[in-house]
Amino acid sequence: MRSFIYALIALTLTAAAASAGFFDEVQKFTKPDSKESQYLSGATQLLSSSKEVDYKTERVIGESLALEGLQRFGNPVKNEPLQQYVNLVGNAVAGNSKRATIPYQFAVLDSQVQNAFAVPGGVIFVSRALVSILEDESELAAVLAHEIGHVAGKHALKSTRRAQFFQGVGTITAASVGGDKGKKFASAIGDMQAVLFDKGLDKDMEYEADLAAMESTYRTGYDPSAMIRVLQKLQRIEASSTNKKGSWFSTHPPLDERIARLQNQLQKYPDYSSLAVVRERFSKHAITGK
Amino acid sequence: MRITRSMARSMVGAAIMLLLAVTAMAEGKRWVSSEGTTLKSEASATSENVADLNVGTELTVVESGGRWLKVRTAGGKEGWVYAGRVSETPPTAEVAGDDGLFGGSMQKSQINTAKADSARSIRGLSPEATKYAKDRGTPEVYKKALDTVLARKVSAKELKAFLKEGKIGEYAQVNGGGK
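These numbers come from a predicted model, not from an experiment. (Residues numbered from 1 in each chain as written. Chains lettered and ligands numbered in written order. Predicted model: local features only at pLDDT ≥ 70, side-chain atom pairs only at ≥ 80, totals over all residues.)

### A look at the overall build of chain B
Then, number 1: Counting its secondary structure elements, chain B contains 5 helices and 7 strands.
Then, number 2: Taken from N to C terminus, the helices and strands of chain B fall in the order α-β-β-β-β-β-β-β-α-α-α-α.
Then, number 3: Across chain B, contacts joining residues at least 24 apart in sequence account for 42% of those joining residues at least 6 apart. (Helix = DSSP H or I, 4+ residues; strand = E, 2+ residues; numbered from the N terminus. Contact = placed C-beta atoms within 7 Å.)

Spelled out as structure tokens, the structure:
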């Protein structure tokens, strides 16, 4: 985009230089009220509006969403060894993800719905109901790595039609979350909540996070087929479940399609079955779904 | 068939091209893409440390030994690195480059690694999110719960010990990982 604008400016300047004195034309650009100067200022604004949301802003958005998530799904379970364990597994795969340089925190929530979600900036939640159906550490690693895939791809941020608001904000300050701006901020958070907790992310983002999960579990040294095993477990639950609201299968694309894509991807890892699953250590932290 | 001088010249040329191509393939480039990557003296996690490698460091593959690669740094240091810790393309940037909203290039990422490192000092709920909670009337119990979640951290040392205990990745036995 920038190079296109530069090219346009260069082309304009060249044409102008050919028809009149080159320096006269340049001067027009430097006069604040001139039409030419306004064009240039418009182009600059266009460039600055396409700046990325910085990490601090992303983190504030994430924390605000996390507060909403806790109210909806419940507080973290009071089991410090389990929470520490989930943080170790999560950080192990995060270090081998596409976005390894930001801090990640993980927590198991006291929720009976099989679900996991990530907010921008690296805070990731998984429900006790989802953990309770897992059988080994590689499966937990796969679920967490899928959510890390969403953080790395900045999927939640890309999903809100109010993304423009955050881009305009630059670095967020307490002033940006208060007053009139605060109303817009809250409304943008509301938008993202609807996507994350109700509608679900775009299906291509889910496929991307699945493949990212397989890649980062493999690179860490976990059996990457764990992601397929988790989805197969959910498939069995889905078949017998009447209330699917808010679960991983209601907010995600069809499980059979996800499994098919992952099985295809598994061919990339011919030695997968020799990798770690770590059943025993996982079973020490086993929890029930209720 | 009689081989003319020009034919011989083309054949030598083709052979040189093939040799160069093979060398290029063997000497593939890799980039460090995991935090806490160490260059080892042998293809084993228990061997001596040669150097600590930052994310984004470019490496030249000298020899491949399954899950371990013998590599050379730009500074000429040679050693072994666990294949899971490197990738065939440079890791993506932390902030966008010129090419759009969320894209970026590795050059930018160098700066942003430092930026993200400073982000590591973020502990607990930010003043901005605290204000958001106050304005929204978020019950105190959720604020405190999130504050605890955000304050939890895992050190590089703890992570290494955890992977070692689980026989995962570079700490796996020769025939695979922890079961």
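What follows picks up the thread again.
### Quick look at the pairing of strand β3 (residues 123–127) of chain A
The side chains of a regular strand alternate, first on one face of the sheet and then on the other.
Residues and elements named next belong to chain A.
Then, number 1: Burial runs high along β3: 5 of the 5 residues are buried.
Then, number 2: Burial of β3 is two-sided: the residues V123, F125 and S127 facing one way and the residues I124 and V126 facing the other way are all buried.
Then, number 3: Sheet topology note: the strand β1 (residues 105–109)/β3 ladder contains 5 bridges and is parallel. From the neighbouring strand, V108 faces β3, where its bridge partner is V126.
Then, number 4: Where strand β2 (residues 116–119) lies against β3, 4 bridges are found, and the strand directions are antiparallel. Bridge pairing in β3 places F117 opposite F125.
Then, number 5: Remark: 3 residues form the turn of the hairpin made by β2 and β3, two consecutive strands paired antiparallel; G121 in that turn has positive phi of roughly 100 degrees. (Buried ≥ 20, exposed ≤ 12 C-beta atoms within 10 Å, placed from the backbone. Pairing = 2+ DSSP bridges.)

### Remarks on the packing of helix α4 (residues 55–73) of chain A against helix α10 (residues 179–199) of chain A
All names here are of chain A.
Then, number 1: One way to put it is that α4 packs onto α10 with a least axis distance of 10 Å and a crossing angle of 55 degrees. One finds that α4 runs oblique with respect to α10. As for the relative orientation of α4 and α10, their crossing is right-handed in sense. Between α4 and α10, the contacting residues are I61, S64, L65, E68 and R72 on the first element and I189, M192, Q193, L196 and F197 on the second. (Axes fitted to C-alpha atoms, helices over the stretch in contact; angles between N-to-C directions. Parallel < 35°, antiparallel > 145°, perpendicular 65-115°, else oblique. Left-handed = near helix turned anticlockwise from the far one by under 90°.)

### A closer look at the sheet that holds β2 of chain A
Residues and elements named next belong to chain A.
Then, number 1: Pairing in this open sheet of 3 strands is mixed, and the strands run β1-β3-β2 from one edge to the other. Lying at the two open borders of the sheet, with one neighbouring strand each, are β1 and β2. Each adjacent strand pair in this sheet contributes to an overall mean axis angle of 20 degrees, direction not counted.

### A look at the domain arrangement of chain B
Residues and elements named next belong to chain B.
Then, number 1: Considered domain by domain, chain B is made up of domain 1 (5–87) and domain 2 (122–179).
Then, number 2: Counting residues at the interface gives 4 residues for domain 1 and 4 residues for domain 2.
Then, number 3: The residue makeup of the side of domain 1 that touches domain 2, split by class, is 2 nonpolar, 2 polar and no charged. (Domains from an automatic or database assignment. Nonpolar A, V, L, I, M, F, W, Y, C, P; charged D, E, K, R; others polar.)

### Topic: the packing of helix α5 (residues 80–94) of chain A against helix α5 (residues 156–165) of chain B
Then, number 1: With their axes 10 Å apart at the nearest point, α5 of chain A and α5 of chain B run at an angle of 95 degrees to one another. Taken together, the axes of α5 of chain A and α5 of chain B are roughly perpendicular relative to one another. Residues L88, N91 and A92 of chain A of α5 of chain A touch α5 of chain B, and the partners they reach there are E158, L159, F162 and L163 of chain B.
Then, number 2: Taken together, the residues of the contact of α5 of chain A with α5 of chain B break down into 5 nonpolar, 1 polar and 1 charged.

### Things to note about the confidence of the model for chain A
Then, number 1: Here chain A averages 80 in pLDDT, while 73% of its residues score no lower than 70.
Then, number 2: In this model, residues 1–50 of chain A is a region of pLDDT below 50 whose contacts with residues beyond four sequence positions or in other chains number 21 contacts. (pLDDT = per-residue confidence, 0-100.)

### Considerations on the nonpolar core
Residue and element names in this part refer to chain A.
Then, number 1: By size, the foremost hydrophobic cluster in this structure holds 96 residues, and its most contacted members are A141, L144, I148 and M227.
Then, number 2: The biggest single contributor to this core is helix α7 (residues 137–153), with 9 residues.
Then, number 3: With near-sequence residues (within four places) excluded, A141 lies in contact with V89, A92, V93, T217, T220, Y222 and A226. (Core = buried A, V, L, I, M, F, W, Y, C linked by C-beta atoms within 7 Å.)

### Regarding α7 of chain A
Residue and element names in this part refer to chain A.
Then, number 1: With 17 residues, α7 should reach 24 Å at 1.5 Å per residue; the first-to-last C-alpha distance of 24 Å fits that figure.
Then, number 2: Counting buried residues along α7, 17 of its 17 residues qualify, which places the element largely inside the surrounding structure.
Then, number 3: Looking one or two places after α7, you find K154, whose phi comes out positive at around 55 degrees. (Expected span 1.5 Å × (residues − 1).)

### With respect to the environment of T38 of chain B
Residue and element names in this part refer to chain B.
Then, number 1: Structurally, T38 can be placed in strand β2 (residues 37–40).
Then, number 2: Among the residues examined, T38 registers 19 C-beta atoms within 10 Å and is labelled partly exposed.
Then, number 3: Separated by 17 residues in the primary sequence, T38 and V55 place their C-alpha atoms 11 Å from one another.
Then, number 4: In contact with T38, other than residues within four places in its own chain, are N49, D52 and L53.

### Quick word on the confidence of the model for chain B
Residues and elements named next belong to chain B.
Then, number 1: The predicted model of chain B has a mean per-residue pLDDT of 76, with 64% of residues at 70 or higher.
Then, number 2: No element of chain B has a lower mean pLDDT than helix α2 (residues 106–119), at 44, and none a higher one than helix α4 (residues 140–151), at 96.
Then, number 3: Confidence drops under pLDDT 50 across residues 21–26; counting only partners more than four residues distant or on other chains, this segment forms 0 contacts.
Then, number 4: This complex was scored by the predictor with a pTM of 0.76 and an ipTM of 0.78.

### Examining the environment of K164 of chain B
Residues and elements named next belong to chain B.
Then, number 1: Tracing the chain through its elements places K164 in helix α5.
Then, number 2: Residue K164 is classed as partly exposed on the basis of its 16 C-beta neighbours within 10 Å.
Then, number 3: With 121 residues separating them in the primary sequence, K164 and A43 have C-alpha atoms 16 Å apart.

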